[in-house]
Amino acid sequence: MIALADCNNFYVACERVFNPRLRGRPVGVLSNNDGCVVARSQEIKALGVGMGTPAHEIPPLVRRRCTLLSSNYALYGDMSRRVTAVYRQHTPHVEVYSIDESFLGWHGFAPETLESRCQAMRAQVSRDTGIPISVGLSTSKVLAKLANHLAKREPAHEGVATLSPDSQITRHLLEQLPVTELWGVAGRMALRLLPLGIETAWDLRCADPKRIRRQTSVVMERIVWELRGQDCIPLDDMSQPKKQIMTSRSFGHLTNDLGDLREAVRTHASRGAEKLRRQQSLARAVLVFVRTNPFRNDLRQHSESVIVALPKATDDSRLIVHAAARGLEALHRQGFLYQKAGVMLMDLCDRASEQLDLMAGPEDDAQRQRRDRLMATLDKLNREHGRGTVSIGLSRAGSAWHLRCANRSPRYTTRWDELPVVRL
Ligand SMILES: [Mg+2]
């Protein structure tokens, strides 16, 4: 059996742990730069505020009743780590899928004990971290995901629901579910199912797996087996390494300051390199782009990109940041107000299959090991103490590029100077 454990309204739940006044109130968490609503409490959903709504588009009458917070990723990341640590006390098989979702394996546990084990785990997560979770149990990941929705939707399940693959209730749920909403069915692929007469998840389950494989893909064939209750999707397949890595963001306000642009590009390049190392890839080239605001017809427009080749495939932040900086110098023009800058790492290859340089002597080997240790330390510090703790080059306070985060709660669990204060 497999469980999908998912934190309910995770970002909002983290905020409520430390600020109980937010309980029962409509709360939304905003994206970087306080742009759009990226997480919502039940209460704000009930007011009709949709996922991804730009904050400034929420009608004033609704806006006044809500609390909108800047995102506090240092807090969410640390709370996620704590929740996962509780899971590990209940089963050794924990695969983290996203910041608020993990798949738990229960090989060797008696199936009839699993619901009560998951109830105990849920109670412990709530006691130790304050975060509410829902657990879906089934024999495959796709069905566990479906069971999780059931656990969330139907209060009678008290947060833990089991779906056996051949039950009436499973059939009923699959018949109600459009195939496009099924986990793992990407939009483009789903479009190829419709001409085959497959509209619901149940249609897909009943389809001939070989035909599905021929007419769509191996991944889709696996989903057919998953819907029938066979566990056959290795998690890595659902999060394949990206072929290119893009990091970009709009400035808080338009800027023509080369310093602002340099800092943005440096930061994007560092973030990209970090993502690159996380997925065990190397990049061979760096693309840098800048652009003005295309909707400001009153301003002169400039939008351009440049590709800088790296001397060899690398994941070294220093080389990537340096290449990106050179690209920016080539692009930047005086007299334009820039709105956005970004960096794309391109032509990625697998780190493991990197061709070792045949001409490299033992000295280079030692250098490579030192570099790997340096990068690993950089990543560890930034992961544990918050993004930007250690960066390449100096970051200036108050530059246009800096994130707007007017309403961020304190980083209660990761900063000594922001610990919560208890008054008796
Ligand atoms: Mg969640």
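Predicted, not measured: the structure shown is a model, and the values here were computed from it. (Residues numbered from 1 in each chain as written. Predicted model: local features only at pLDDT ≥ 70, side-chain atom pairs only at ≥ 80, totals over all residues. Heavy atoms only, no water.)

Caption draft 1: How the structure looks around the overall build of the protein. Of regular secondary structure, the protein possesses 15 helices and 13 strands. Overall, the protein is about 65 × 65 × 50 Å in size when its C-alpha atoms are taken along their principal axes. Buried positions account for 46% of the 424 residues belonging to the protein. Taking the contacts inside the protein whose residues are at least 6 apart along the sequence as the reference set, 67% of them involve residues at least 24 apart. Approximately 22,700 Å² of the protein is accessible, and the part contributed by carbon and sulfur atoms is 52%. Of the side chains in the protein, 61 bear a positive and 46 a negative charge, and the two mean positions are spaced by 4 Å. (Helix = DSSP H or I, 4+ residues; strand = E, 2+ residues; numbered from the N terminus. Buried < 20%, exposed > 50% of the residue type's maximum accessible area, 1.4 Å probe, protein only. Contact = heavy atoms within 4.5 Å. Areas by Shrake-Rupley, 256 points an atom, 1.4 Å probe, with all protein chains shown as cover. Lys, Arg positive; Asp, Glu negative; His and termini not counted. Charge placed at Lys NZ, Arg CZ, Asp CG, Glu CD.)

Caption draft 2: Structural view of the coordination of the magnesium ion. Coordination of the magnesium ion by the protein comes from Asp 6 (OD), Cys 7 (O) and Asp 100 (OD), over a distance range of 2.1 to 2.5 Å. Each donor residue of the magnesium ion belongs to the same chain, and together they define the spacing D-C-x92-D. Of this pair, Cys 7 sits in strand β1 (residues 2-7) while Asp 100 sits in the loop between β5 (93-98) and β6 (101-105), placing them 93 residues apart in sequence. Accessibility expressed as a relative area gives 4% for Cys 7, which makes it buried. (Donors = N, O, S within 2.8 Å, 3.2 Å for Na, K, Ca; no water.)

Caption draft 3: Structural view of the side chain of Ser 317. Following the sequence through the fold, Ser 317 ends up in helix α14 (residues 317-331). Within the structure, Ser 317 has its side chain in polar contact with the side chain of Arg 277 (distance 2.9 Å). Among residues more than four places away in sequence, those in contact with Ser 317 are Ser 270, Ala 273, Arg 277, Met 375, Leu 378 and Ile 392. (Polar contact = N/O pair within 3.5 Å; in protein donor to acceptor, adjacent residues only side chain to side chain.)

Caption draft 4: Structural context of the sheet that holds β1. An order of β5-β6-β1-β7-β8 is seen for the five strands of this open sheet, with the pairing classed as mixed. The sheet terminates laterally at β5 and β8 (160-162), the two strands that pair on one side only. Along the sheet, successive strands turn relative to each other by an average axial angle of 20 degrees, direction set aside. Here β5 pairs with β6 via five bridges, running antiparallel. Considered in β6, the bridge of Val 96 is made with Ser 102. The sheet strands contacting helix α4 (residues 73-90) are β1, β5, β6 and β7 (133-138), and the helix crosses β5 at an angle near 155 degrees. (Pairing = 2+ DSSP bridges. Axes fitted to C-alpha atoms, helices over the stretch in contact; angles between N-to-C directions.)

Caption draft 5: Representation of the packing of helix α6 (residues 141-153) against helix α7 (residues 168-176). The N-to-C vectors of α6 and α7 enclose an angle of 90 degrees; their axes lie 11 Å apart at closest approach. Between α6 and α7, the crossing angle belongs to the class labelled roughly perpendicular. From α6, Leu 143, Leu 146, Leu 150 and Arg 153 reach across to α7, where they touch Thr 170, Leu 173 and Leu 174. (Parallel < 35°, antiparallel > 145°, perpendicular 65-115°, else oblique.)

Caption draft 6: Structural context of the sheet that holds strand β2 (residues 27-30). Strand order in the open sheet formed by three strands is β3-β2-β4, and the pairing between neighbours is mixed. Whereas interior strands pair on both sides, the edge strands pair on one side only; in this sheet they are β3 (37-40) and β4 (67-70). On average, each strand axis in the sheet is tilted by 30 degrees relative to the strand beside it, whichever way the strands run. As paired strands, β2 and β3 are joined by three bridges and run antiparallel to one another. For Val 29, the partnering residue across the bridge sits in β3 and is Ala 39. Running over the sheet, helix α1 (residues 10-18) touches β2, β3 and β4 and is turned about 110 degrees from β2.

Caption draft 7: Region of the structure containing the side chain of Gln 339. Relative to the helices and strands, Gln 339 is located in strand β12 (residues 338-346). Assessed through its relative accessible area of 19%, Gln 339 is described here as buried. A polar side-chain atom of Gln 339 sits 2.6 Å from a polar atom in the side chain of Arg 291. In this view, Gln 339 contacts Arg 249, Ser 250, Phe 251, Leu 254, Arg 291, Thr 292, Asn 293 and Pro 294; residues no more than four positions away in its chain are not counted.

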